[in-house]
Amino acid sequence: MKVKVKVPATSANMGPGFDSIGVAVQLYNYLEVEPIEQGFEIIIKKEQSIAIPTDEKNLIYQTMQQFFETLGKPMPAVRLTQFDDIPMARGLGSSAACIVAGLLAANTLAGNPYTKDDLAKMAAKIEGHPDNSNPAFFGSMVTGVLTEKSMEYVRLELPDDLLFAIIVPNFPVSTKSSRSVLPPHYDRQDVVYNVSRAALLVASILTGKYENLEVAMDDKIHQPYRKVLIPHMEEIFGNAKKCGAIACYLSGAGSTLMAMVTKEHAEEFRNKMSTYLQTLPDDWQLTLLSADKEGATVVTE
Ligand code: HSE
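Note that the coordinates shown come from a computational prediction; the quantities given were computed from them, not determined experimentally. (Residues numbered from 1 in each chain as written. Predicted model: local features only at pLDDT ≥ 70, side-chain atom pairs only at ≥ 80, totals over all residues. Heavy atoms only, no water.)

Participant: What is the right way to look at unusual backbone geometry in this model?
Facilitator: Of all residues except glycine, most have a negative phi; of all peptide bonds, most are trans. Residue glycine 254 is joined to serine 255 through a cis peptide bond whose omega torsion reads 15 degrees. Positionally, serine 255 belongs in the loop between strand E8 (247-250) and strand E9 (257-262). Phi at aspartate 19 takes a positive value of approximately 60 degrees, unusual for a residue other than glycine. Position of aspartate 19 relative to the elements: it lies in the loop between strand E1 (3-12) and strand E2 (21-35). (Helix = DSSP H or I, 4+ residues; strand = E, 2+ residues; numbered from the N terminus.)

Participant: Just to check I follow, could you spell out the environment of threonine 297 for this structure?
Facilitator: Examined against the element boundaries, threonine 297 turns out to sit in strand E11 (residues 297-299). On the accessibility criterion, threonine 297 (18% relative accessible area) is buried. Expressed as a C-alpha distance, the spacing of threonine 297 and glutamate 56, which sit 241 residues apart in the sequence, is 25 Å. Setting aside its immediate chain neighbours within four residues, threonine 297 contacts Lys4, Val5, Lys6 and Leu104. (Buried < 20%, exposed > 50% of the residue type's maximum accessible area, 1.4 Å probe, protein only. Contact = heavy atoms within 4.5 Å.)

Participant: Please clarify how the pairing of strand E7 (residues 162-168) should be interpreted in this entry.
Facilitator: On any regular strand, side chains alternate: one points to one face of the sheet, the next to the other face. Among the seven residues that make up E7, seven are buried, leaving the element largely enclosed by the rest of the structure. Residue alternation in E7 divides its side chains into two sets, Leu162, Phe164, Ile166 and Val168 and Leu163, Ala165 and Ile167, and both sets are buried.

Participant: Explain the pattern of salt bridges here, please?
Facilitator: A side chain of one charge can pair with a side chain of the opposite charge if their charged atoms are brought near each other. Counted under the stated rule, the structure contains twelve salt bridges. A salt bridge links lysine 46 to aspartate 85, with the nearest nitrogen and oxygen atoms 2.4 Å apart. With a gap of 39 residues between them, lysine 46 in the loop between strand E3 (40-44) and helix H1 (59-71) and aspartate 85 in the loop between strand E4 (78-84) and helix H2 (94-109) connect regions that are remote in the sequence. Accessibility expressed as a relative area gives 32% for lysine 46, which makes it partly exposed. Glutamate 214 is paired through a salt bridge with lysine 241; the nearest N and O atoms lie 3.6 Å apart. Residue glutamate 214 is found in helix H7 (residues 213-216), and its partner lysine 241 is found in helix H9 (residues 233-242); the two are separated by 27 residues along the sequence. By relative accessible area, glutamate 214 is classed as partly exposed at 46%. Under the relative-accessibility criterion, lysine 241 is labelled partly exposed at 32%. Through salt bridges with shared partners, one network takes in Glu34, Glu41 and Arg79. (Salt bridge = Lys/Arg side-chain N within 4 Å of Asp/Glu carboxyl O.)

Participant: What is the right way to read the environment of alanine 24 from this model?
Facilitator: Take alanine 24: it is sitting in strand E2. Sequence-wise, alanine 24 and alanine 12 are twelve residues apart; in three dimensions their C-alpha atoms are separated by 8.8 Å. If we ignore the near neighbours within four places in the chain, the residues touching alanine 24 are Pro8, Ala9, Thr10, Pro135, Gly139, Ser140, Ala291 and Asp292.

Participant: Would you mind going over the packing of aromatic side chains with me for this structure?
Facilitator: Between two aromatic rings, the relevant description is the distance of the centres plus the angle of the planes. Taken as a whole and assessed by the stated rule, the structure comprises nine aromatic pairs. Between phenylalanine 67 and phenylalanine 68, the ring centres sit 5.1 Å apart and the planes meet at 80 degrees, which makes this aromatic pair edge-to-face. Residue phenylalanine 68 is classed as buried on the basis of its relative accessible area, which comes to 5%. When the centroid spacing of 6.3 Å and the interplanar angle of 70 degrees are considered together, the rings of tyrosine 186 and tyrosine 225 count as edge-to-face. Of the two residues, tyrosine 186 is situated in the loop between helix H5 (175-180) and helix H6 (188-207) and tyrosine 225 in helix H8 (residues 223-226); the sequence distance between them amounts to 39 residues. Its relative accessible area of 28% is what places tyrosine 225 among the partly exposed residues. An aromatic cluster of at least three residues, connected via ring pairs, comprises Tyr28, Tyr30 and Phe83. For arginine 197, the ring lying beneath its charged end belongs to tyrosine 193, and the centroid distance is 3.5 Å. (Phe/Tyr/Trp six-rings, centres within 6.5 Å; stacked < 30°, edge-to-face > 60°. Lys NZ or Arg CZ within 6 Å of the ring centre and 35° of its normal.)

Participant: Quick question: what am I supposed to make of the site of the ligand here?
Facilitator: Close to the ligand lie Ala12, Asn13, Phe18, Asp19, His129, Asp131, Asn132, Thr175, Arg179, Arg226, Gly252 and Ala253, which account for all nearby residues. Residue aspartate 131 places a side-chain N or O atom 2.6 Å away from a nitrogen atom belonging to the ligand. Burial of the ligand by the surrounding chains reaches 95%, relative to a free accessible area of 260 Å². Split by residue class, the shell around the ligand holds three nonpolar, five polar and four charged. (Near = heavy atom within 4 Å. Polar contact = N/O pair within 3.5 Å; in protein donor to acceptor, adjacent residues only side chain to side chain. Areas by Shrake-Rupley, 256 points an atom, 1.4 Å probe, with all protein chains shown as cover. Nonpolar A, V, L, I, M, F, W, Y, C, P; charged D, E, K, R; others polar.)

Participant: How should I be thinking about H6 in this particular structure?
Facilitator: For an α-helix, 3.6 residues make a turn, and residues three or four places apart therefore share a direction. For H6, built from 20 residues, the straight-helix expectation of 28 Å at 1.5 Å per residue is met to within 8% by its first-to-last C-alpha distance of 28 Å. The complete set of buried residues in H6 reads Asp190, Tyr193, Asn194, Arg197, Ala198, Leu201, Val202, Ser204 and Ile205. Across the axial projection of H6, the buried residues extend over an arc of 165 degrees, all falling on one side. Summarising the geometry of H6, the exposed residues directed more than 90 degrees from the buried face are Arg188, Gln189, Val195, Leu206 and Thr207. One or two positions beyond H6, positive phi appears at glycine 208, with a value near 70 degrees. (Expected span 1.5 Å × (residues − 1). Arc of directions from axis to C-beta.)

Without other data, these values stay purely geometric and don't point to any function.
Shown next, in the form of structure tokens:
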């Protein structure tokens, strides 16, 4: 049996929701898995600026191995064919997409012993936080908490008039290096700053109060520390707002910057912002995307 899965890119944190809130956007990785006689084979159909491993270090392969180990069954001999549109090490959930693709494909091959809920819990555990894997599985915006024993989440419906403008530079930032610049402890006032904004963010999205988002998407837990890794971050945020963005944040661990824009202002935003980005180094590329509402799917042909 040949299995094909499609997984969306995701943008984690959404400002104050560090390691908990994320959104899926319409940019995809595709994975095809087919049984072979023995061993494994990995084919990369679309090369990235960072080489994707085709040996045992391949993240999809490792995830599938882990899945079958948990299931207590031997890993079948497979050929994996990857077609990845999600850029690697840019804060758009490319690792989570591989983990989610591996779990969904393995589960399908095994005859669906686990529910999507079970798989989302496994993915969050593997990643160590659920803010990319949850929206990758369920689509839209998801707020989640990973506990010792479980992972609780709520998927929120996003309004249709919101667009997500990804602003992607030519330099990568690894999650590991981006987490290493964060302090081990925070002041109470910074914690209150984020807790109050994360709550306001969710409530404002649910009620369509976009006027709150500029305040709601501010953060003191990770962005102030990570800006040293992203030249021009604050300048780009400032200009995005001048060009009509409702709110901006650092997407995941970076290096992508995200601006939220209403459909009504999208064209004007695209024109003004593209012109401004051309004045900067690092080849920043702007793409306006809708939210993905479906999440990871098994593609039937
Ligand atoms: N919440 C994570 C972080 C997302 O900001 O480090 C990146 O994996």
